[in-house]
Amino acid sequence: MTDLHRLPAHLPAPEDDGGAAHLSGQPWPALALPATDGTQVRVSELPGRSVVYGYPMTARPDHPLPDGWDVMPGARGCTPQACAFRDHHAQLAALGARVFGLSTQSTAYQQEAARRLHLPYPLLSDAGLRLTGALRLPTFDVPGVPAGEWQTLLRRITLIVRDGVIEQVFYPIFPPDRSAAQVLGWLEGQT
């Protein structure tokens with residue numbers, strides 16, 4: 001059984017492939033995304049700062065990981081990353097930032113993770129890849145279910161959006177369990 005809360009030793013680090021170089025200063029698309037709290041979120045309309053961390057997929061304890069998941073640079077670590085944002089949530093909120101997780105998984109799938117991990121912030125679903133396409137977010141494909149089909153997943157990225165515009169981009173993210181602390185440090189430097 002794989003412990004999803006721990007990062008394996010010798011996890012390969014992703015390299016900066018330039019897939020996020022175009023994002024800083026871009027307006028957030030005027031799209032509503034379904035959230036695990038039952039709302040539709042339009043990040044483009046939110047005042048102040050929003051931290052949107054994109055992740056490939058949260059694994060479930062009762063499902064196997066995709067073949068080769070631990071050797072795909074940047075794939076493994078969604079649970080530790082989500083928990084780190086959970087653990088730093090109050091500090092981020094005190095600095096005026098709201099937090100959202102973002103993946104291409106369905107809202108129903110995300111709701112299981114949000115409950116199991118006790119996340120105090122919503123996860124946003126881009127299962128239709130509308131936001132991913134509009135922003136040209138970096139992605140990769142993995143074999144999905146049913147067998148023979150492929151699933152497009154986000155590469156791990158964190159975007160800080162201020163008044164509807166992408167203000168800061170963190171990419172690539174490594175290690176994923178330190179992503180929230182990195183964002184917190186950046187926000188503290190802005191005050």
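Residues numbered from 1 in each chain as written. Predicted model: local features only at pLDDT ≥ 70, side-chain atom pairs only at ≥ 80, totals over all residues. Heavy atoms only, no water.

The name that an unreviewed UniProt entry assigns to the protein chain is Peroxiredoxin, with the source organism given as Deinococcus aquaticus.

Undergrad: So what's going on with the pattern of salt bridges? Which residues, and what values?
TA: Counted under the stated rule, the structure contains six salt bridges. Taking the shortest distance from any N to any O, the salt bridge between arginine 49 and glutamate 167 comes out at 2.7 Å. In this pair, arginine 49 is assigned in strand 3 (residues 49-54) and glutamate 167 in strand 9 (residues 165-170), connecting sequence segments 118 residues apart. Given the relative accessible area of 14%, arginine 49 is considered buried. A relative accessible area of 24% means that glutamate 167 is categorised as partly exposed. Glutamate 112 is paired through a salt bridge with arginine 116; the nearest N and O atoms lie 2.7 Å apart. Within this pair, glutamate 112 and its partner arginine 116 are both found in helix 3 (residues 107-116), separated by four residues, close to a single helical turn. Shared partners join several salt bridges into a network, and the residues in it are Arg49, Arg162 and Glu167. (Salt bridge = Lys/Arg side-chain N within 4 Å of Asp/Glu carboxyl O. Helix = DSSP H or I, 4+ residues; strand = E, 2+ residues; numbered from the N terminus. Buried < 20%, exposed > 50% of the residue type's maximum accessible area, 1.4 Å probe, protein only.)

Undergrad: Lay out the packing of aromatic side chains with the relevant residues and their values.
TA: For the coordinates displayed, the defined rule picks out five aromatic pairs. Ring centres of tyrosine 53 and tyrosine 121 lie 5.9 Å apart, and the angle between their planes is 75°; this geometry places the pair in the edge-to-face category. Of the two residues, tyrosine 53 is situated in strand 3 and tyrosine 121 in the loop between helix 3 and strand 5 (123-125); the sequence distance between them amounts to 68 residues. Of the two residues examined, tyrosine 53 and tyrosine 121, each falls in the buried class. (Phe/Tyr/Trp six-rings, centres within 6.5 Å; stacked < 30°, edge-to-face > 60°.)

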